[in-house]
Amino acid sequence: MVTEAVVVGRPSRRGPARSKRERPNVLGALGGFAWLLFAVVPLYYVVITSLKTQQNFFTGNALLPPTNPTLDNYLLVLQNDFLTYFLNSVIVTVVTVVVSVACALMAAYAIVRGAGTNRKLLWTFSLFLVGLAIPLQAVIIPIYLLITRAGLYDTLIALILPSVAFSLPLSIVILVNFLRDIPGELFEAMRVDGAGDWRTLTTLVFPLAKPALTTVAIYNGLNVWNGFIFPLVLTQSPEKRVLPLALWTFQGEFTANIPAVLAAVVLSTLPILALYIFGRRQLLAGLTAGFGK
Amino acid sequence: MSTTTIAPAPTEDSVGAGRPRSRQRIHRAPSLWYASPALIMFAAFALIPLVVVFGLSFTNWDGLSAITFAGFDNWVAALSDPQTWEALWLTIQVMVLSWIIQTPIAILLGVFTAGRQRYRAIFAVLYFVPLLISAAAIAISWKALLDPNFGLGQSTGIPWLSQNWLGDPNTALYVVIVVIAWQFIPFHALLYQGGVQQIPASMYEAATLDGAGRMQQFFNITLPQLRNTIITSTTLLLVGSLTYFDIVFVLTGGGPGTATRILPLDMYITGFQEYNMGVASVLAVILVVFGLSLSLGLTKFSGFSKMSSDLEGA
């Protein structure tokens, strides 16, 4: 199923003349296959190990499939509050993406329409451009100070607020680049119709910007879903744990039960994998977030 | 760019004159208010912390009790501690080796996956899977895979593979760099794939007519045409390498000993495990200065900052 879609969807940019004349690229195929092995072996190992009994794991060959596959490890993980962690991750990711995309769209709209006449908006844009280069780790101590003093330590809001802030610079840069291409006449037409800023934003800019908004949402969503340092520093209790942090603590709790730890790894990746299977093209476009232009 | 925004103004005035509402005048452009939610969030959790971390580097704080002024003590302590310089050196090693390993492989994979053969498209689907997995999950998986007793070495029976990769101070750093490459090469390959697909097919057709072989085409067409992609990828890789934290933290925790204690990890351990936020803030400031000067230098050097002209130029 998946592979079919890939082949059909792939544009053939190079003329057919090229491949007809040339002999098959054996060296390229070998190299490509070597990387495939390197890329896939760890994935394969994780999946088969997660299906093994502990007995099988300790005695059997690590790279051979399980002798009698079992889902017990998955059950064990699910019984250990996995759903709570999953839900926390969903909440943090969804709220962060919605808030950051909304803020970024409003700011990008103001910058694109106003930076020509309003110097402050031009500065705002420069500020976000510089903001791209701020390493998140470098400000983790002041963020910790701020969150504890605000009484937000060990809450999901503590994860959402800084995640939104660090999603903004790239989102705004991408959206500004995109909104710039909307012809000025469309804004004029809206104004002639008597539409204010807010109506222009919701009925003209929002629908037109949907492709860019998807890109931004995917990029930010993946970053937040997989984020580790904010949860590590800003939360503590199991009730507020998100998935990446849960994997790390599972590793401490289950110690020798590697199959169970790896079952948790598989479970935490499943939602993204499902996205990949059903929307591969958009997901990959979102991952490079406009850098590939 | 600015001409398009200013040009409509006269038309707007003539339209606005005929309208009863005086608010029309402001509608020339949305006000700063539209940018304020983003500005406030960004200021509160990124810009102000940047200033605060500099301030904290002159204080003593254990993370819980009161913050007291410390003058230059932390700076003296951090800069005279050999651990700081070791962490900085490890960070630079990771940065440089990551570039050397990841860039050529990513370019080749980008060219490979841009090809129109069916098997390459299928390979590409699998190549990009590591992009979806969290650093914590990747680190846990590799840790299990490299276990000297139950991992690769045991199953293949190759003694070389069953050494204690992550437990040996001489190999741990290189293993970390390989795992980081496994995680990030797909991303850069994806960038290069996009770059290769934008090279006009006519260039290759002309070269083929002139009798240029595959190697010649790669070095004389593909590589020069990928120049901008190489700059983008290099910038992201070098600046990004300052922020490798989670993968190293879960994989080795900075150990064995301090063998993989890169700068961000050194900062975290000093601050949140040894409760010395003052010295950790000094390390954070070093990280910021390093990161900012690196990205400013790279954008100056490469002209990457004029993002807006990309569209017209192409």
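Basis of the calculations
Residues numbered from 1 in each chain as written. Chains lettered and ligands numbered in written order. Predicted model: local features only at pLDDT ≥ 70, side-chain atom pairs only at ≥ 80, totals over all residues. Heavy atoms only, no water. Contact = heavy atoms within 4.5 Å. Buried area = accessible area lost by both parts, 1.4 Å probe. Salt bridge = Lys/Arg side-chain N within 4 Å of Asp/Glu carboxyl O. Polar contact = N/O pair within 3.5 Å; in protein donor to acceptor, adjacent residues only side chain to side chain. Helix = DSSP H or I, 4+ residues; strand = E, 2+ residues; numbered from the N terminus. Nonpolar A, V, L, I, M, F, W, Y, C, P; charged D, E, K, R; others polar. Phe/Tyr/Trp six-rings, centres within 6.5 Å; stacked < 30°, edge-to-face > 60°. Buried < 20%, exposed > 50% of the residue type's maximum accessible area, 1.4 Å probe, protein only. Core = buried A, V, L, I, M, F, W, Y, C linked by side-chain atoms within 4.5 Å. pLDDT = per-residue confidence, 0-100.

1. Some details on the interface of chain B and chain A
- Residue-level contacts link 111 residues of chain B with 116 residues of chain A.
- When chain B packs against chain A, close to 10600 Å² is buried across both sides, 73% of that on carbon and sulfur atoms.
- Inspection of the region where chain B meets chain A yields zero salt bridges.
- Between chain B and chain A we count 11 residue pairs in polar contact (both at pLDDT 80 or more) in total.
- Sorting elements by how many residues they give to the side of chain B that touches chain A places helix H3 (residues 36–56) of chain B first, with 14 residues.
- In terms of residue class, the side of chain B that touches chain A is built from 75 nonpolar, 25 polar and 11 charged.

2. Side note on the packing of aromatic side chains
- Scanning the entire structure with this criterion turns up 35 aromatic pairs over all chains.
- A centroid spacing of 6.1 Å and a plane angle of 90 degrees characterise the contact between Phe228(A) and Trp248(A), whose relative ring orientation is edge-to-face. Taken together, the residues Phe228(A) in the loop between helix H11 (210–225) and helix H12 (229–234) and Trp248(A) in helix H13 (residues 243–254) connect sequence positions 20 residues apart.
- Owing to a relative accessible area of 2%, Phe228(A) belongs among the buried residues under this scheme.
- Judged by its relative accessible area of 28%, Trp248(A) is partly exposed.
- Members of the aromatic cluster, each reached through a chain of ring pairs, are Tyr144(A), Tyr153(A), Phe228(A), Trp248(A), Trp61(B), Phe245(B), Phe249(B), Tyr268(B) and Phe272(B).

3. Describing the nonpolar core
- Ile141(A), Leu168(A), Ile172(A), Leu179(A), Leu234(A) and Phe128(B) are the most contacted members of the largest nonpolar core, which totals 191 residues.
- The element best represented in this core is helix H5 (residues 72–114) of chain A, accounting for 17 residues.
- Residues contacting Ile141(A), with those up to four places away along its chain left out, are Leu56(B), Trp61(B), Met267(B), Phe272(B), Met277(B), Ala280(B) and Ser281(B).

4. Some points on the confidence of the model for chain B
Residues and elements named next belong to chain B.
- For chain B, mean pLDDT is 84; residues scoring 70 or higher make up 87% of the total.
- Low confidence marks residues 1–27, where pLDDT is under 50. Its contacts with residues over four positions away, or in another chain, come to 22 contacts.
- Under a pLDDT of 50 for its full length, residues 305–314 has, in the predicted model, eight contacts with residues more than four places off or in other chains.
- With a pTM of 0.85, the predicted complex shows an ipTM of 0.85.

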